[in-house]
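Reading the structure
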Amino acid sequence: MLGLGAASVAAAPQLQRGLESFLGSAADRDPTGLTQLLPNGGGFRYYSVASSVPHRDGADYRLAVDGLVERPATYTLAGLRALPQTRIVRDVQCVTGWRVPDTPFEGVRLSLLLEAAGVRPEGRAVRFTCFDGTYSESLTLPQARRDDVLVALRMQDKPLSHAHGGPARLYVAPMYFYKSAKWLSGITVTSRVRPGYWEERGYDVDAWVGRSNGRSDTPTG
Ligand SMILES: Nc1nc2c(c(=O)[nH]1)N[C@H]1C(S)=C(S)[C@@H](COP(=O)(O)O)O[C@H]1N2
Ligand SMILES: [Mo]
């Protein structure tokens, strides 16, 4: 049912251990697998490394942009919605094997927020933090400036639900979905890459679909 493709990760024992404890906790939250049959499931699995995550909306959501920047900023949801929006349609690909074809994401290009903040010359990477209090992610500065990397406010042409990381998540289209940190609350420019939650547990930091984590999924879109 989980379709793990254990063989594909057998060469990476550390990764496999991470996946096992990870899937163990996911299974605890969904012992019957029923959520996958719900109409809005659409092939997605719900993943959270935190056991509960607060709800935030237009009233209390904030996104901080700080670190090695000239102009630190804090955005409200309305502030993010007022910026130019970009829509991207690609396949979502999780490193454990499941894929959701042709999934629209829409939001603000990360490059635009970095440009507005003014990255200082020492800035080389970006660290992402989340209001679940646990998850984190990272990108190099060139990766973060790609035009297919968004702070997404919408998915499948609807506002991002809480389960999918709403009101705002990172969306890194060319990489495995673990890079797309849900419940995004902080964007910090750093002097070097600080590996994120799953990367400290064995996943590749450079998570290009089809070219990392020992997988060979066909990138599409
Ligand atoms: N904050 C947070 N972001 C996260 C995760 C998580 O556990 N916490 N899991 C990652 C992984 S491994 C995947 S596959 C996707 C799952 O997104 P979904 O729950 O919207 O399907 O979110 C990624 N972002
Ligand atoms: Mo994942």
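Residues numbered from 1 in each chain as written. Chains lettered and ligands numbered in written order. Predicted model: local features only at pLDDT ≥ 70, side-chain atom pairs only at ≥ 80, totals over all residues. Heavy atoms only, no water.

**Here's the deal with the site of ligand 1**
Not every one of the 21 residues close to ligand 1 is listed here, only the nearest: R45, V49, H164, R169 and K182. Here an oxygen atom of ligand 1 sits 2.5 Å away from a polar atom, N or O, in the main chain of R45. The separation between a nitrogen atom of ligand 1 and a polar main-chain atom of S180 is 3.1 Å. Out of a free accessible area of 540 Å², ligand 1 has 100% covered by protein chains. Classifying every residue of the shell around ligand 1 gives 14 nonpolar, 3 polar and 4 charged. Taken together, domain 1 (1-46) and domain 2 (50-201) each give at least three residues to the shell around ligand 1, which thus spans both. (Near = heavy atom within 4 Å. Polar contact = N/O pair within 3.5 Å; in protein donor to acceptor, adjacent residues only side chain to side chain. Areas by Shrake-Rupley, 256 points an atom, 1.4 Å probe, with all protein chains shown as cover. Nonpolar A, V, L, I, M, F, W, Y, C, P; charged D, E, K, R; others polar. Domains from an automatic or database assignment.)

**Some remarks on the nonpolar core**
Counting residues in hydrophobic clusters, the biggest one holds 44 residues, and the most contacted among them are L63, L80, L110, L114, V151 and I187. Mapped by element, the contributors of at least two residues to this core are β1 (63-67), α3 (77-81), α4 (110-117), β5 (125-130), α5 (141-144), β7 (149-155), β9 (169-172) and β10 (184-190). Here the element with the most residues in this core is α4; it accounts for 4 residues. In contact with L114, other than residues within four places in its own chain, are V119, V126, L141, A144, R145, I187 and V189. If you look at the next biggest cluster of nonpolar residues, it comprises 15 residues, including I88, W98, L150 and A173. (Core = buried A, V, L, I, M, F, W, Y, C linked by side-chain atoms within 4.5 Å. Buried < 20%, exposed > 50% of the residue type's maximum accessible area, 1.4 Å probe, protein only. Helix = DSSP H or I, 4+ residues; strand = E, 2+ residues; numbered from the N terminus. Contact = heavy atoms within 4.5 Å.)

**Quick look at the pattern of salt bridges**
Opposite charge on two side chains allows them to pair when their charged atoms are near. Counted according to the given criterion, the structure contains 10 salt bridges. With its nearest N and O atoms 2.9 Å apart, the salt bridge here joins R87 to D157. With R87 in strand β3 (residues 86-93) and D157 in the loop between β7 and β8 (158-159), this pair connects stretches of sequence that are 70 residues apart. Overall, the relative accessible area of 46% leaves R87 in the partly exposed class. By relative accessible area, D157 is classed as partly exposed at 38%. A cluster of three or more residues bridged by salt bridges with shared partners is formed by R90, R146 and D148. (Salt bridge = Lys/Arg side-chain N within 4 Å of Asp/Glu carboxyl O.)

**Here we look at the sheet that holds strand β2 (residues 73-75)**
With respect to topology, 5 strands assemble into an open sheet ordered β2-β1-β10-β5-β6, the strand pairing being mixed. The open sheet terminates on both sides in strands that have one partner only, identified here as β2 and β6 (136-140). The sheet shows a mean angle of 15° between the axes of neighbouring strands, direction not considered. Bridging between β5 and β10 involves 6 bridges; their strand directions are antiparallel. By the bridge assignment for β10, R127 is matched with T188. The sheet contacts of α4 involve β1, β2, β5, β6 and β10, and relative to β10 the element is tilted by about 55°. (Pairing = 2+ DSSP bridges. Axes fitted to C-alpha atoms, helices over the stretch in contact; angles between N-to-C directions.)

**What to know about the packing of aromatic side chains**
Scanning all chains against the criterion turns up 11 aromatic pairs. Their ring planes at 65° and their centres at 5.9 Å tell us that Y47 and W98 sit as a pair that is edge-to-face. Taken together, the residues Y47 in the loop between α2 (13-29) and β1 and W98 in the loop between β3 and β4 (99-109) connect sequence positions 51 residues apart. For Y47, a relative accessible area of 16% gives the class buried. Between F105 and F177, the aromatic rings sit 6.2 Å apart at their centres with planes inclined by 65°, giving edge-to-face as the arrangement. Pair noted here: F105 is in strand β4 and F177 is in the loop between β9 and β10, with a separation of 72 residues, a long-range link. We note that F105, like F177, is buried. Ring pairs connect the aromatic residues F44, Y47, W98, F105, Y171 and F177, which therefore count as one cluster. Across the ring face of Y197, the terminal group of R201 is positioned such that the distance to the ring centre comes to 3.7 Å. (Phe/Tyr/Trp six-rings, centres within 6.5 Å; stacked < 30°, edge-to-face > 60°. Lys NZ or Arg CZ within 6 Å of the ring centre and 35° of its normal.)

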